[in-house]
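The chain contents come next:
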Amino acid sequence: MGYEQRVLQGDAGRGRCTRFPEFTVPKHISAMRHPRLAPAGALFVLLLVATAIYLVHGHGPTSAAHAGEKETTSVVGDQRKERAFHGALPQSVVDMREMILAAVHAGDVGELRDAIEWNEIQPDFGEGNDDPIAYWKRVSADGEGREVLATIANLLALPPARLAIGKDPENALVYVWPYVAELPLDKLRAAEVVDLYRVMSAEEGKAARAQKKWTGWRLAIGADGTWHTFRKYD
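The rules we used
Just so you know, the residues in each chain are numbered from 1, in the order the chain's sequence is written. With the structure being a predicted model, the display of local features is reserved for residues of pLDDT at least 70 and the display and counting of side-chain atom pairs for 80 or more, all residues being used for whole-chain, interface and lining totals. Values reported for side chains reflect all heavy atoms of the structure, with hydrogen atoms and water molecules removed beforehand. A simple rule labels every residue: compare its accessible area, found with a 1.4 Å probe on the protein chains alone, to the largest value its type can have, and call it buried under 20%, exposed over 50%, or partly exposed in between. Helix and strand assignments come from DSSP, with helices taken as H or I runs of at least 4 residues and strands as E runs of at least 2, each series counted from the N terminus. Only when DSSP finds a minimum of two bridges between them are two strands counted as paired. Each residue carries a pLDDT value, the predictor's own confidence for that position, ranging from 0 to 100. Residues are treated as being in contact if the distance between any of their heavy atoms lies within 4.5 Å. Only buried residues count toward a nonpolar core. Its members are Ala, Val, Leu, Ile, Met, Phe, Trp, Tyr and Cys residues joined through side-chain atoms within 4.5 Å.

J.: Teacher, can you tell me more about the pairing of strand S2 (residues 173-177) here?
T.: Regular strands have side chains that alternate between both faces of the sheet. Summarising burial for S2: four of the five residues are buried, a large majority. Of the strand pairs in this sheet, strand S1 (residues 161-164) and S2 are connected by four bridges, and their pairing is antiparallel. Within the sheet, the bridge partner assigned to Leu163 lies in S2 and is Val174.

Written out as structure tokens, the structure reads:
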């Protein structure tokens, strides 16, 4: 502070420094009572200008919010185009899936009756609608229905497709196993072909892809836990 007082103590009218006569202080500086404020004031102005440019060119908080909105839309769009659902299943779907798998773990196709009776309306079992237990035993190579149980286990081991096809607006989502049953069979990716062969023989899989038509087993559970269908398609 002493240094500034000595250097800048000149004639206010002429702006000449008494300690260094050869140095003339500009009038607008010599008239300032607090010379230290000059750099700070200039810095403040620069900050205001930079802030204005920052906002005008779209880099401020408002622009960031819009970017977030675009990102959310993109995610939603990806969900609409998903090929397989890898998220968390609704608890009601989990409960029904576990009830069906209980028969698999027991090795007794008759235990599927518990899951069937849980529904208010019997699921669609195709040709087996009249007596599904007897039908599954009849179509199983072992005669006990265990081949069908193995098929169920393989289906439910894969991720499902998630489709908005339910009749109830509040529970419109339906989860379908296997997800490959809902894809264009002639446009499967390499890993999806592998999943296809997990639920079909290679011969059946090649035929289905050539026909572009699903001809295997398909199991569907609604978002509310309703077991909609388990049948083989021709």
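J.: What should I look at first to understand the confidence of the model for the protein in this one?
T.: It should be kept in mind that the predicted coordinates are not to be read in detail where pLDDT is low. On average, residues of the protein score 77 in pLDDT, and 65% of them are at 70 or above. Scored below 50 in pLDDT, residues 1-38 shows 27 contacts in the model against residues more than four places distant or in partner chains. Here residues 53-80 is a poorly scored stretch, pLDDT under 50, and it has six contacts once near neighbours within four places are set aside; other chains count.

J.: What's the story with the nonpolar core in this structure? I'm lost.
T.: One recurring pattern in soluble globular proteins: nonpolar side chains tend to sit buried together. In this structure, Ile100, Leu112, Trp136, Ile152, Leu219, Trp227 and Phe230 are the most contacted members of the largest nonpolar core, which totals 46 residues. Those elements giving two or more residues to this core turn out to be helix H5 (91-106), helix H6 (112-118), helix H7 (132-139), helix H8 (146-157), S2, helix H9 (190-199), strand S3 (217-222) and strand S4 (227-232). Tallying contributions element by element places H5 first for this core, with six residues. Contact partners of Trp136, with chain neighbours within four places excluded, come to Val109, Leu112, Ile116, Phe125, Gly145, Val148, Trp217, Trp227 and Phe230.

J.: I tried to follow unusual backbone geometry on my own but got confused; where do I start?
T.: Note: most peptide bonds trans; most residues except glycine with negative phi. Cis geometry marks the peptide bond from Trp177 to Pro178; its omega dihedral reads -10°. A positive phi is found at Lys212, a non-glycine position, where the angle reads about 55°. Residue placement: Lys212 occurs in the loop between helix H10 (202-211) and S3.

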